[in-house]
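Working through the structure, step by step
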Amino acid sequence: MAALNSWRPWARLRTAIPVLLLDWAALSIAIAVTPGLSASTGWDVLLAAVLLAIAAAVLRPLLAAFAARLGWAGVVLGWLTIQAVLVYLALSLAPHIQVSGFWPAFWASWIYAVLVSTGMWVVTAGDDSAVLAHLLRTTRKTRREARTTAVPGVVMIQIDGLSAPLARWAIQAGNLPTLTRWIRSGSHDLVEWHAQLPATTPASQAGLLHGASAHVPAFRWLEKETGRLVVTNHPKDAEYVEQGFSDGRGLLADGGVSLSNVFSGDAPVSMLTMSTAARKGARRGPTREVSAYLVDPFGLTRSLVLTAGEMVKEVFQARRQRARDIEPRVHRAASYVALRGVTNVLLRDLNLNLAAEHMMRGAPAIYCDFVDYDEIAHHAGPTRAESLASLDGIDWVLGTLEKLAASTPRPYRIVVLSDHGQSQGATFLQRYGMTLEALVRRLMAGDGPEVATAPDNEQWGRVRALLTEVSGEQKVVGKLTDSVLRAQEEPPAPGPPQGADLVVVASGNLGMVYLARERRRLTLEEIESRHPNLLTGLVTHPGVGFAMVRSSARGPVVLGRDGVHRLADGRVDGSDPLAAFGPHAADDLRRHDMLPHVGDIVLNSLLDPSTGEVAAFEELVGCHGGLGGWQTRPVLIHPAAWAASTSFIGADAVHRQLVRWLEDLGLRSQRPAVADPAGREEG
């Protein structure tokens, strides 16, 4: 990375001239179309553009720092007004420019900002030099204050949902320039690892960040003992789950930083992380660097312009799917249009700025989850063009961080990994005209008892964490976002609805059925006795690949249409229901059977052997959670000089490898073991 130092003087010059010309053109248009503003000549506007650049360089950092002291409310107010104040000053000081008050300058500042943001996107065409210059400018003071060290730090970037087969294909095709260069040059190695059941972000991050994947049986589940319905992308539930397994020695415990994750890895600095977003005493309000990003027209305004562009692109791509009759596909609702814009641009830019800030502070370890690809692949399909295009955006982030590392107070090594892959297929509802809940209801007895389900809103998790952090400040912005949170997040359920006999939850193509009136897991024999048609009806349904239940006589058994697999001794009667699901299927299910809060019945959808497609129990064309396809085949890309296993079974194994690398670099402290209140030991 040291060889990248030579780019900076040329990049600054290459960036400064086009930026000044673009500013000149944008300011000229803004003055021309805004009533109350006028200029005698274009040279007067050029002088105003120069004055604006000087005023921004001198005053914006001071104004941003002041805005940060006022919290999120101050930053929002600063975003609305600071650029207008600077434009007003520049136009007032420039000769031969007439300004009839502040408000014409206010509206001109927004026209100017939108034009500059759009123009920069067109002119740079993906070149990261302008973004890099902006990051270096906004973190200049942080760099000066940080302590310099030769000990490398580690930046771990999670590309949510990326499977190893797809990563290999994209790298071989050269579609991801940064990753392709790393692999082809030999600086990094790519290995595939196996995500054990359930192949979900919460389970994998519990493993990757804490070595505790065994505490998470699905994306959502029922705690029969307490009657609590847990949904892991709700901040309060994520905090509750993490408290159950955190021992204070997670991956990021020694001065690390958690950004946009489900769990914190015990990081002392945790931002946009679900498990800490609602925590009392957590840091509230933006930092100075984030404030500088938000109030700069090259920051939040640029991100919002690109977010709007992303939303327009989503509308076009969804319509194109329908026009070309591409199958399988799902309905891409208006709410998802906004969600895609937020996750694929706004949150990505915010995460990049946060990572840059903490690299400039010299943080020893940073772990950040980018959900761009996962969100789009859920709705468009894992291998569709728009999903692959989102990977290019994350690859651009990697290249920017790599160049940024040339100016940080410590050298950095970059690790790229995913938490799971994705599998494609028409959904269970699309194939059979009914949901899993409706099938269970029918098999129970005619109209059946009341069936409770958990809300299907996985994709709003990151937005919810952001809103929770903002609202937790309890200032003006907090009050405004409370209503949004109430619209998106249901309160934790104390138990199943009155009279409900069943709770049915889905995590992709993994389903779990709970006989909710009992506070314990029921056996196969008890289920058969109480509901004689239920298991037979499920395993003979064409959309169900297999069902796992626990027998009082034979232990955990997997039931298929034409056979039974006894997990305790490996005996198979008839055709093996797990034959099509890969070499790890039996071990995964044997392990899953031992996890807490597993359903009385665990269901996995069909797997089409000819296409590798599955049938999600949620309305997602790309899914993960169960077995079948690429969803259990995530990737790990690490510096080639680091010794590593070539085979990892489970997220906990990857966690142990990550910890060993941090230990080898001297980034882990040797703390004495101390008992925690739950009786466990730290150490």
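Provided above is the structure to which this section pertains.
No experiment lies behind these values; they were computed from the predicted model shown. (Residues numbered from 1 in each chain as written. Predicted model: local features only at pLDDT ≥ 70, side-chain atom pairs only at ≥ 80, totals over all residues. Heavy atoms only, no water.)

**Considerations on the overall build of the protein**
Counting its secondary structure elements, the protein contains 24 helices and 24 strands. Residue burial in the protein is summarised as follows: out of 683 residues, 59% are buried. For the protein, restricting intrachain contacts to residue pairs at least 6 apart in sequence, the fraction spanning at least 24 positions comes to 73%. Accessible surface for the protein amounts to roughly 26400 Å². Of this, 58% is attributable to carbon and sulfur atoms. (Helix = DSSP H or I, 4+ residues; strand = E, 2+ residues; numbered from the N terminus. Buried < 20%, exposed > 50% of the residue type's maximum accessible area, 1.4 Å probe, protein only. Contact = heavy atoms within 4.5 Å. Areas by Shrake-Rupley, 256 points an atom, 1.4 Å probe, with all protein chains shown as cover.)

**Overview of the environment of Ser645**
Structurally, Ser645 is set in the loop between strand 21 (635-639) and strand 22 (648-649). With 12 residues separating them in the primary sequence, Ser645 and Gln657 have C-alpha atoms 8.1 Å apart. Those residues within four positions of Ser645 in sequence are excluded, and the remaining contacts are Val191 and Gln657. Among the polar contacts made by the side chain of Ser645, one reaches the main-chain carbonyl oxygen of Ser647 at a distance of 2.8 Å. (Polar contact = N/O pair within 3.5 Å; in protein donor to acceptor, adjacent residues only side chain to side chain.)

**Comments concerning the sheet that holds strand 9 (residues 365-370)**
Here eight strands make up an open sheet; going across it, the order is 8-7-9-3-10-21-4-22 and the pairing mixed. Both edges of this open sheet fall to strand 8 (269-271) and strand 22, since each of them pairs with a single strand only. Judged from the five bridges that link them, strand 4 (residues 188-194) and strand 21 form a sheet pairing that is antiparallel. Opposite Val191, over in strand 21, you have Leu636 as the bridge partner. (Pairing = 2+ DSSP bridges.)

**Re the packing of helix 7 (residues 164-172) against helix 8 (residues 177-185)**
Taken N-terminus to C-terminus, the directions of helix 7 and helix 8 make an angle of 85 degrees; their axes are 9 Å apart at the nearest point. With respect to helix 8, the element helix 7 is oriented roughly perpendicular. Here helix 7 contributes Ala170, Ile171 and Gln172 to the contact with helix 8, which in turn contributes Leu179, Thr180, Ile183 and Arg184. Split into classes, the residues belonging to the contact of helix 7 with helix 8 amount to four nonpolar, two polar and one charged. (Axes fitted to C-alpha atoms, helices over the stretch in contact; angles between N-to-C directions. Parallel < 35°, antiparallel > 145°, perpendicular 65-115°, else oblique. Nonpolar A, V, L, I, M, F, W, Y, C, P; charged D, E, K, R; others polar.)

**Thoughts on helix 14 (residues 334-361)**
For helix 14, built from 28 residues, the straight-helix expectation of 40 Å at 1.5 Å per residue is met to within 8% by its first-to-last C-alpha distance of 40 Å. Where helix 14 ends, the next residue or the one after it, Gly362, has phi of about 85 degrees, a positive value. (Expected span 1.5 Å × (residues − 1).)

**So, the packing of aromatic side chains**
Summed over the entire model, instances satisfying the criterion amount to 11 aromatic pairs. Ring geometry for Tyr88 and Phe102: centres 5.9 Å apart, planes at 70 degrees, overall edge-to-face. Linking Tyr88 in helix 3 (residues 71-93) with Phe102 in helix 4 (residues 102-124), this pair joins segments that are 14 residues apart in sequence. Grouped by ring-pair contacts, the aromatic residues Tyr88, Phe102, Trp103, Phe106 and Trp107 constitute a single cluster. The ring of Tyr240 has Arg228 sitting right over it, with the charged end atom 4.0 Å from the ring centre. (Phe/Tyr/Trp six-rings, centres within 6.5 Å; stacked < 30°, edge-to-face > 60°. Lys NZ or Arg CZ within 6 Å of the ring centre and 35° of its normal.)

**Examining a nonpolar patch on the surface**
A cluster of nonpolar side chains, namely Ile54, Val58, Leu59, Leu62, Leu63, Val85, Tyr88 and Leu89, defines an oily patch on the protein surface of about 630 Å² accessible area. Those elements that place two or more of their residues in the nonpolar patch are helix 2 (42-69) and helix 3. No other element matches the five residues that helix 2 contributes to the nonpolar patch. For Leu62, a relative accessible area of 59% puts it in the exposed group. (Patch = residues over 30% accessible without salt bridge, like charges linked within 9 Å, V, L, I, M, F, W, Y side chains within 5 Å. Salt bridge = Lys/Arg side-chain N within 4 Å of Asp/Glu carboxyl O.)

**Remarks on the nonpolar core**
Counting 47 residues, the largest nonpolar core has Val155, Leu179, Leu259, Met359, Leu401, Leu404 and Val416 as the members making the most contacts within it. The biggest single contributor to this core is helix 14, with eight residues. Ignoring any residue separated from it by four or fewer positions in sequence, one finds Leu179 in contact with Ile171, Asp395, Leu398, Val416 and Ile637. Judged by nonpolar contacts, the second largest core, of 39 residues, contains Leu197, Ala218, Val503 and Leu595. (Core = buried A, V, L, I, M, F, W, Y, C linked by side-chain atoms within 4.5 Å.)

**Some words on the pattern of salt bridges**
Summed over all chains, the structure comprises 18 salt bridges. Between Glu613 and Arg431 there is a salt bridge, and its shortest N-O distance comes to 4.0 Å. Remark: Arg431 occurs in helix 17 (residues 428-432) and Glu613 occurs in the loop between strand 19 (601-605) and strand 20 (622-623); sequence separation between them is 182 residues. Connected via shared salt-bridge partners are Arg168, Glu192 and Arg633.

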